Structures are given as structure tokens and as C-alpha cells.
Amino acid sequence: MRVILFLAILFTFDLYAFQAFRFLIKGRWGIFLYFLVTALILFGLYWQVSNGDRRSWSVTTQVFIVAFVAMIVCKIILIIAMFGEDIFRSLEGLYYKLSGKTTSYSLPSRRKFVSQIALGIAAIPFVSILYGVFKGRYNFKVLTYTLHFEDLPEAFDGYRITQISDIHSGSFDNKEKVEYAIDLINEQQSDAILFTGDMVNNEAVEMEPWIDSFSKLKAKDGKFSVLGNHDYGDYVQWESPEVKEENLNRLKEIQKEIGFDLILNDSRFLEKNGERIALVGVENWGAGGFKKAGDLNKAITNVASEDFKILLSHDPSHWENEVISHKDHFHLTLSGHTHGMQFGIEIPGWIKWSPVKWRYKYWAGVYEEMGQFINVNRGFGYLAFPGRVGIWPEITVLELKKGAKPV
């Protein structure tokens with residue numbers, strides 16, 4: 001019933017979007033082909049998702065995902081443009097009716113002009129989506145932030161951390177691009193590398209071909225990690241609970257082989273010149289239906305309340321719901337998970353927008369609440385949609401500075 005209702009709503013919107021094509025499509029065959037293409041994309045995507053192997057997205061499935069996203073985004077723009085013209089025409093008609101005046105131009109001609117403009121505007125996201133698929137998914141960006149803390153231990157003034165998140169190795173198809181990004185991480189020469197979860201899409205085997213590549217990551221004070229929601233294998237069917245557990249154990253072994261110190265509801269200390277900062281790592285904790293294995297109180301069992309704390313927690317909703325209000329002060333939290341939805345608009349210093357902001361209050365970049373900071377990394381890899389549009393794969397470099405932020 002839900003599928004039928006969804007298709008009925010989609011058909012209604014599609015019928016409305018078709019108004020923009022009426023002046024370009026001639027004859028019954030043109031109309032038939034327009035709706036046939038829509039139907040084929042919907043059916044193809046449904047068939048692939050329903051009958052394909054959910055443990056990996058085939059090339060065919062990814063093609064249908066791209067076609068569906070491009071179709072929906074472009075038609076939304078057309079609908080907005082045509083609806084706006086309809087409202088204007090209705091108000092204009094009311095004005096002429098009440099005033100007794102008549103228009104001196106052809107309404108169909110204006111409708112055609114608006115349709116052409118709408119199609120031109122819709123072509124922009126269409127081209128952007130194609131760019132995001134072929135180039136954007138490996139368009140790695142290094143984002144650098146300087147954070148000031150008055151109680152940062154003196155020995156850690158100027159300490160540099162590189163954060164990566166959401167590798168999703170099961171989606172990779174270009175070793176050269178991935179290794180370029182690994183080299184880019186090493187070029188930052190940070191003191192520590194912190195990975196905030198989702199190494200795979202579903203299975204540990206996805207990371208096997210990339211062990212040697214990620215083993216090249218270097219940081220003088222070590223590499224540390226936590227698990228993300230996808231690392232537990234919760235989104236596919238397993239032969240038995242034991243097989244699922246074996247998969248998770250293998251992923252933990254792989255992290256060790258790469259050189260990551262996996263922190264599971266526990267803590268580590270970085271020490272320098274007799275001073276220290278605490279690295280606290282929790283298992284995944286996410287609001288809503290996501291796994292809530294994270295135990296913050298257990299993780300800080302060996303951490304003093306006065307210690308400077310950096311928390312690794314995959315899902316930023318954990319920071320919003322539990323960390324900010326915790327009795328202990330967590331100076332900096334590092335998260336990922338949102339991917340910035342892999343779609344949005346970012347112009348530094350001017351605009352930062354993505355539909356994911358309607359789901360996550362803290363979705364990309366640095367935020368501050370109650371004297372505590374969080375950085376939400378936009379992700380290293382990609383999932384499902386094989387591309388990134390406007391929200392590029394991210395390598396974050398955080399420099400810690402002692403003292404108040406300069407005015």
C-alpha cells in the first residue's frame with residue numbers, strides 16, 4: 001500500500017513537471033517516451049535494490065541510483081519554477097479581472113519562456129551530479145581549523161591532529177585516487193591521526209584490498225580509531241549471529257593490522273613533557289534507530305575530571321544528546337557519520353547548506369556549545385550514491401592552541 005501511495009504521489013508530481021516539457025515534446029510518442037523513462041528508472045532501481053546483493057552496490061545499481069537522484073533533483077527544480085509561474089499567473093489574472101484591464105502579451109508564450117528558463121536552471125544540477133560522480137567523489141579537500149583552549153596543557157600548544165572518518169572502503173574503485181588521499185594525509189605531518197568510524201559498508205572483507213594502502217598512514221604519536229554504525233554489519237543478513245560476530249572480530253583485527261589503536265568504550269593518554277591529554281573513544285551511539293553501544297561513563301573510568309579530553313564518537317547526535325550535558329567537560333569531540341549527505345552547497349565564509357541539516361543539527365564543520373567543541377567530518381569515502389556534489393571528501397587538520405581565541 002505504501003509503495004502504491006508513493007508511486008501515486010510521484011506520478012502526480014511528475015505530471016506537473018511534465019508541463020515544462022510540453023513545448024519541447026511533440027506527439028504522443030514523445031509523451032510516451034517521457035513517462036517511459038521515468039518508469040524504467042523507478043522500476044530498475046526498485047528491482048536492483050530488492051533483488052541485488054545488499055552487501056555491495058553493483059555498477060548497475062549505482063547507475064540507477066545516479067539516474068534516480070538526477071531525475072528527482074531536476075524535476076523538483078522544474079516543479080518549483082512552474083508552480084511559481086502558476087501562482088504569479090493566478091494573481092495576475094485576479095488583478096486584471098478586478099481592474100478590468102487586459103494583458104498585451106500571450107500567456108502561452110510566457111509559459112513557454114518560463115519552461116525554457118526552468119529547463120536551463122535544471123541543467124545546472126544535472127551537470128553537477130555528473131561531475132560529482134566522475135570527479136567529485138575523489139575531490140579530496142584538506143580543511144584546517146585552529147581551536148583555542150585556555151586549559152590546554154602547555155606541552156600541547158600547537159599540537160596537530162588529522163581526523164578522517166567514514167572510509168566506506170566497499171565503495172572504492174580507484175586505488176590511485178585513494179592512495180593520493182593517503183599521501184595527502186601524511187603530508188600534513190600531524191602528531192596523531194584519529195579515525196572516527198565506518199571503515200566498511202557492511203563486511204570486513206571490503207577492507208582487505210586496502211590494508212597495505214592505509215597501513216602507510218603515519219603519525220609520530222600514533223593512530224587511533226572507533227567504530228561506526230556500518231562497522232557492526234547490522235544492515236545485511238548473516239547466516240548466524242556467530243558469523244556476524246566473526247565479521248566484527250575480523251574488522252577489529254584489520255584495524256590492528258593497519259596500525260590503528262581501536263578504542264572501545266575506553267581511553268588512552270597522549271603524554272608530552274610530563275603533561276597529558278586523554279583520548280576517549282566510545283562505540284557507536286546514535287539518536288533514533290541507530291545502535292547505542294556507546295558507554296561514555298565506562299569510557300572515562302580511568303580519566304580524571306580535570307584532564308583535557310578529546311572524544312571520538314562516530315555520530316554527532318551523541319554529542320547533542322549526551323556529551324554536552326555530561327557532568328564532565330569534553331573539550332573536543334570528533335564525529336562523522338553525516339557525509340554532509342554528499343550533496344549540498346558550500347562557499348567558505350558565505351554559505352553552507354545541505355538537506356542533511358534537517359536531520360542533524362550538527363552536520364559538517366566545527367561547532368561550539370557550552371565551551372565545548374565538535375568537528376563533524378564530511379567523510380573520506382561515499383555510500384550508495386557513487387559521488388559527491390558540493391560536499392567534498394574531507395581530511396581535517398585541527399591545531400590546538402593554548403589561550404583565548406584572538407579577538
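Residues numbered from 1 in each chain as written. Predicted model: local features only at pLDDT ≥ 70, side-chain atom pairs only at ≥ 80, totals over all residues. Heavy atoms only, no water.

Here's the deal with the layout of surface pockets
Working step 1: Reported here for the largest pocket is a volume of approximately 1300 Å³.
Working step 2: When residues of the lining of the largest pocket are traced back to their parent elements, those giving at least two are helix H2 (27–51), helix H3 (59–99) and helix H4 (107–134).
Working step 3: Looking at which element gives the most residues to the lining of the largest pocket, the answer is H3, with eight residues.
Working step 4: Its residues placed into classes, the lining of the largest pocket shows 28 nonpolar, 12 polar and three charged. (1 Å grid on protein atoms, 1.4 Å probe; cavity = no way out; pocket = protein on both sides within 12 Å on 5 of 7 lines; lining within 4 Å. Points joined across faces, edges and corners; volume = space filled by probe spheres on them. Helix = DSSP H or I, 4+ residues; strand = E, 2+ residues; numbered from the N terminus. Nonpolar A, V, L, I, M, F, W, Y, C, P; charged D, E, K, R; others polar.)

Focus on unusual backbone geometry
Working step 1: Residue Asp166 is not a glycine yet carries a positive backbone phi of 50 degrees.
Working step 2: Residue Asp166 is classed as buried on the basis of its relative accessible area, which comes to 0%.
Working step 3: Phi is positive for Asp198, close to 65 degrees, though the residue is something other than glycine.
Working step 4: On the secondary structure map, Asp198 appears in the loop between strand E3 (192–195) and helix H6 (211–214). (Buried < 20%, exposed > 50% of the residue type's maximum accessible area, 1.4 Å probe, protein only.)

Quick look at the sheet that holds strand E8 (residues 308–312)
Working step 1: The strand order E6-E7-E8-E9-E13-E12 describes an open sheet built from six strands, whose pairing is mixed. Sheet topology places strand E6 (266–272) and strand E12 (365–369) at the edges, where each strand pairs with a single neighbour. If you compare each strand with its neighbour and ignore which way they point, the axes differ by 20 degrees on average.
Working step 2: Of the pairings in the sheet, the one linking E6 to strand E7 (residues 275–281) comprises seven bridges and is antiparallel in character. Bridge assignment links Leu270 to a residue of E7, and that residue is Ile277.
Working step 3: The sheet strands contacting helix H9 (residues 316–323) are E8, strand E9 (332–335), E12 and strand E13 (372–376), and the helix crosses E13 at an angle near 160 degrees. (Pairing = 2+ DSSP bridges. Axes fitted to C-alpha atoms, helices over the stretch in contact; angles between N-to-C directions. Contact = heavy atoms within 4.5 Å.)

Some remarks on the sheet that holds strand E14 (residues 394–402)
Working step 1: Reading across from one edge, E1-E14-E2-E3-E4-E5 is the order of the six strands in this open sheet, with mixed pairing throughout. At either end of the open sheet lies a strand with only one pairing partner, and these are strand E1 (141–149) and strand E5 (260–262). For this sheet the average axis-to-axis angle between neighbouring strands, irrespective of direction, equals 25 degrees.
Working step 2: Across three bridges, the pairing between strand E4 (residues 223–225) and E5 is parallel. For Phe224, the partnering residue across the bridge sits in E5 and is Asp261.
Working step 3: Against the sheet, helix H5 (residues 175–187) touches E1, strand E2 (159–164), E3 and E14, its axis set at about 10 degrees to E14.
Working step 4: Helix H7 (residues 241–258) rests against E3, E4 and E5 of the sheet, and its axis sits at about 140 degrees to E5.

Section: the pattern of salt bridges
Here the idea is simple: oppositely charged side chains can pair when their charged atoms come close.
Working step 1: Overall, the coordinates contain 15 salt bridges when judged by the stated rule.
Working step 2: With a closest N to O distance of 3.3 Å, Asp173 and Arg137 form a salt bridge. Placement of Asp173 in the loop between E2 and H5 and of Arg137 in the loop between H4 and E1 is noted, with a sequence separation of 36 residues between them.
Working step 3: Under the relative-accessibility criterion, Arg137 is labelled buried at 12%.
Working step 4: Measuring nitrogen to oxygen at the nearest pair gives 3.6 Å for the salt bridge that ties Lys401 to Asp157. Separated by 244 residues along the polypeptide, Lys401 in strand E14 and Asp157 in the loop between E1 and E2 bring together distant segments of the chain.
Working step 5: Residue Asp157 is classed as partly exposed on the basis of its relative accessible area of 34%.
Working step 6: Because the salt bridges share partners, they merge into one network encompassing Glu208, Arg250, Glu253 and Glu257. (Salt bridge = Lys/Arg side-chain N within 4 Å of Asp/Glu carboxyl O.)

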